[in-house]
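# Overview (structure and organization)
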Amino acid sequence: MAELIQQRIEERIPELEHLERVGLFTQKEVKSIIKRATALEYKLHRLIINKEDFIAYIQYEINVLELIKKRRAHIHYQFKREEIEFPIIHRINSVFRRATNKWKSDVQLWFSHIAFCKKWASKGQLSRVFSSLLAIHPDKPALWIMAAKSELEDMDSSESARHLFLRALRFHPDDKKVYQEYFRMELLHAEKLRKQQKELEMAEMDLGEYEFSPEILSGKLADVVYRNATEKIQGAEFIISLLKIAAIFDFTKELQDAILQDLQTKYTEDAATWDFMARRELEAPAAGEELQTAKGRASDIARREERCCQVYEEGLTSLNTEPMWTCYVSFCLERHKRKTNVQELKDKLQILLSSGDAEGGARVAVAATQRYSQSAATWSLSLQTLIQLGSDDMGRLFQEAITHVHPKESLPLWQLQVQWSLTKQSPQETEALFQRGLVSAVAAVAMEMKESYLDWSYTTGGYKKARKTFISLHENRPFSKAFFTRMIQIEKEQETPKMSNLRDYYERALREFGTSDDDLWLEYIKEELGPNGQPENCGKIHWRAMKFLEGECVERFVSKYTLLQTGHI
């Protein structure tokens, strides 16, 4: 084993000599690299190897690459890349291949290799990594979609992307997402060609015998995908999803009309069809002159809603089913919530107050809360008016409001009461209000109260009180991301912020939101890269992020992390 490791170290000597010769590294730094590399190589060649050793090796090599990049920029030296960077990149790819061959089922490890290839390696290497990944995990449609998107966006090869989608459909012939993304890809390809054609026409360039195919430019390939998809997958919802994708592009009117015709012809017995057709009436274009006045806009919306109802009722004559009624009732409830008597009440109160009739305004406000006792909006407006008038009975009115209004709609009332208490009540009474809000059964209220309580503690008692409040609450769910980020902000506002405290706040936040919030992981990494952090921790944080994040968050994190490493964010 020692001979093999010695051989590996000797293979580094040419690049290290170049680094020292051109002035990127000192002799002392080169010796340090050899010492660290030797220790890492021994770990990779033990009888029992573990994944963390491979990750540590890769992260160290990437850190060396980053340092070389910064040193190059500092001394303005841009030569000898083939002798310096290329061997390091080749070595990292080799270690990644060993790791993915050993732990084939670890998709996050594959994603790390892909992220590295996008930043440092050749485009051909990226395609090979995706090919190996798909050979081992052909049962995951999301990976096929990711590979095809990479071919389209990173490699600028719509032909390769199309080939991957076709292969994906062999493994997943009934997968809706694959068909949807394949359909989107063909439309993106057509849009790209249309832009190219327009630019060439503006430049008045002679293309010779080359011509853009009118069929491709008009989206005929997407139409073929649509026809094949609807043969395999039935259902109005799927057709509607494709129609919504087509609607994003401005050259697909014929395709949209064809899809809409199929929807109306084949799926009249599906409630989703009638629901979609009815809601389309809300989006129909209106006359420009009519929308200039508030009255015109109101009458236009009323006409649209009336047309929607007519479509629903027409659907009910031929499809009198529970799903159809559910769609109709849901639509009516949505529109009803948009129409309240709050604006009318607001206008009336303004008239009374502007005329100096404070007593009349107070009577109207109280009467409104009695008539619409379950309306949070009415209570909110009436309470604001009574606060403005200086009512002495606000405490009781707030309690009455929270009692009558549905708990899930009570958040604005809690917020209003906190604002009132901050200016009109003693600190002890305000703290008691926060304590009542913290035990609310409604998660939104409890989370809002935590955030407000922390802010209030910092404002009234400074850092020590804020930290004491945070410690008293950091084990009591539910949590919001803002609760932790606010404490992080408070810590960073101090003259000498403690990195140990910041790490604690980030770790607690990630415990709650680490599976779905890629930005939080990125902020943690940025903190470690800052003046008070330890950059060597970034590798571990990155690895944990790749393990914890789920779904599309992984891809977003990889993209943002790559931008961070390249200095774009």
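Quick note: structure is the one above.
All values reported here derive from a predicted model rather than from experimental measurement.

### Examining the overall build of the protein chain
Looking only at helices and strands, the protein chain has 28 helices and 0 strands in total. In summary, the protein chain has a C-alpha radius of gyration of 32 Å against a globular reference of 25 Å for 569 residues, an excess of more than 25%. The principal-axis extents of the C-alpha atoms in the protein chain amount to approximately 95 × 70 × 50 Å. Of all 569 residues assigned to the protein chain, the portion counted as buried reaches 44%. Taking the intrachain contacts of the protein chain between residues at least 6 apart in sequence as the baseline, contacts between residues at least 24 apart amount to 59%.

### Some words on the packing of aromatic side chains
Under the defined criterion, the tally for this structure stands at 23 aromatic pairs. Relative to Phe513, the ring of Phe484 lies with its centre 6.4 Å away and its plane at 75°, an arrangement referred to as edge-to-face. Within this pair, whereas Phe484 is found in helix H24 (residues 481-492), its partner Phe513 is found in helix H25 (residues 499-513), the two being separated by 29 residues in sequence. Grouping residues by exposure puts Phe484 and Phe513 together as buried. Just above the ring of Tyr60 sits the side chain of Arg36; from NZ or CZ to the centre is 5.6 Å.

### Notes on helix H27 (residues 538-548)
Two residues of an α-helix separated by three or four positions point the same way, owing to the 3.6 residues in each turn. Listing the buried residues of H27 in full gives Cys538, Gly539, Ile541, His542, Trp543, Ala545 and Met546. The inward-facing, buried residues of H27 contact helix H3 (51-75), helix H5 (107-119), helix H26 (518-529) and helix H28 (552-565).

### Thoughts on the pattern of salt bridges
Oppositely charged side chains can pair when the atoms bearing their charge come close. Counting across every chain of the model gives 37 salt bridges. Between Glu181 and Arg184 there is a salt bridge, and its shortest N-O distance comes to 3.3 Å. Here Glu181 pairs with Arg184, and both are found in helix H9 (residues 176-203), just 3 residues apart, close to one helical turn. Overall, the relative accessible area of 26% leaves Arg184 in the partly exposed class. The network of salt bridges with common partners includes Arg12, Glu15, Glu61 and Arg91.

### Side note on the packing of helix H7 (residues 141-153) against H9
Packed helix pairs are specified by the crossing angle of their axes together with the interaxial distance, meaning the distance between the axes. Relative to each other, H7 and H9 sit at 10°, their axes nearing to 10 Å. Taken together, H7 and H9 sit at an angle that is classed as roughly parallel. Contact residues: Pro141, Ile145, Lys149 and Leu152 in H7; Lys177, Val178, Glu181, Met185 and Leu188 in H9.

### Description of the packing of H9 against helix H12 (residues 236-246)
As a packed pair, H9 and H12 sit with axes 10 Å apart at the nearest point and diverge in direction by 25°. When the axis of H9 is compared with that of H12, the two are roughly parallel. By crossing handedness, the relation of H9 to H12 is classed as right-handed. For the pair H9 and H12, the contacting residues are Lys176, Tyr179, Gln180, Phe183, Arg184 and Leu187 in the first and Phe238, Ser241, Leu242, Ile245 and Ala246 in the second. Within the contact of H9 with H12, the residues separate by chemical class into 7 nonpolar, 2 polar and 2 charged.

About the thresholds
Residues numbered from 1 in each chain as written. Predicted model: local features only at pLDDT ≥ 70, side-chain atom pairs only at ≥ 80, totals over all residues. Heavy atoms only, no water. Helix = DSSP H or I, 4+ residues; strand = E, 2+ residues; numbered from the N terminus. Rg over C-alpha atoms; globule rule 2.2 N^0.38 Å. Buried < 20%, exposed > 50% of the residue type's maximum accessible area, 1.4 Å probe, protein only. Contact = heavy atoms within 4.5 Å. Phe/Tyr/Trp six-rings, centres within 6.5 Å; stacked < 30°, edge-to-face > 60°. Lys NZ or Arg CZ within 6 Å of the ring centre and 35° of its normal. Salt bridge = Lys/Arg side-chain N within 4 Å of Asp/Glu carboxyl O. Axes fitted to C-alpha atoms, helices over the stretch in contact; angles between N-to-C directions. Parallel < 35°, antiparallel > 145°, perpendicular 65-115°, else oblique. Left-handed = near helix turned anticlockwise from the far one by under 90°. Nonpolar A, V, L, I, M, F, W, Y, C, P; charged D, E, K, R; others polar.

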